[in-house]
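Inside the fold
The chain contents come next:
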Amino acid sequence: MKKIIHFIMFLGASFLFTFCGSSKGLKLQKEPPFKVISATYNSWVGGKPNSKGYTISVSIDNPEITLDSVFFRGLKSEFKVEEFKSKLVFTSLLTQPKPHDYNLDIDEKKEFGNKPPEATSKIPFELNENEAVVSYTLNGKINYFKITSLQKTATVYMYSKN
């Protein structure tokens, strides 16, 4: 009887782990209901100390589709819609997390006020350096599409007035 119970438990655990492993990533659409006209990114630095990130701009040919968000280089951000030369351009500003200042001392009591680093969530996609995934909603369902050839534009340096 114990062997039967152990066997049933083994089958249940195997099924559970198999099912969990198959839902690892989100499914990417091979052919979305739009074509990407242009997709660019640039890096930016400045404005405030230790402030840097990326700006992503995507233009598509279907005005009925709205891009929701973008995943790029471990970051995620929402899109904003802008009109440029009578075309809709989806733009997103991705900000990299700021580094923390830590008080390091041989006397551990002097390190007491240090805050732990903020946990950043890992994006659910494996992407190369010039790839991004955009999400869009179609018929009430969120879909994902990978842009494989983002074009890099010039780095922007912003300076704040003191």
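For the structure, see preceding data.
Residues numbered from 1 in each chain as written. Predicted model: local features only at pLDDT ≥ 70, side-chain atom pairs only at ≥ 80, totals over all residues. Heavy atoms only, no water.

**Focus: the sheet that holds strand 3 (residues 67-72)**
As summarised here, the arrangement of the 4 strands in space is 4-3-7-8, forming an open sheet in which the pairing is antiparallel. Single-partner strands in this sheet number two, and they are strand 4 (75-78) and strand 8 (141-147). Each strand of the sheet is rotated relative to its neighbour by a mean of 20 degrees, with strand direction disregarded. (Pairing = 2+ DSSP bridges. Helix = DSSP H or I, 4+ residues; strand = E, 2+ residues; numbered from the N terminus. Axes fitted to C-alpha atoms, helices over the stretch in contact; angles between N-to-C directions.)

**Observations concerning the packing of aromatic side chains**
Taken as a whole and judged by the stated rule, the model has 8 aromatic pairs. Judged by centre distance (5.1 Å) and plane angle (65 degrees), the rings of Phe71 and Phe125 are edge-to-face. On the criterion of sequence distance, the pair formed by Phe71 in strand 3 and Phe125 in the loop between strand 6 (87-95) and strand 7 (132-138) is long-range, its members being 54 residues apart. Like Phe125, Phe71 is buried. Ring geometry for Phe71 versus Tyr144: centroids 6.2 Å apart, planes at 55 degrees, classification tilted. Taken as a pair, Phe71 in strand 3 and Tyr144 in strand 8 lie far apart in primary sequence, 73 residues in all. Classification of Phe71 as buried rests on a relative accessible area of 5%. (Phe/Tyr/Trp six-rings, centres within 6.5 Å; stacked < 30°, edge-to-face > 60°. Buried < 20%, exposed > 50% of the residue type's maximum accessible area, 1.4 Å probe, protein only.)

Take it as geometry only, folks, not as evidence of what the structure does.
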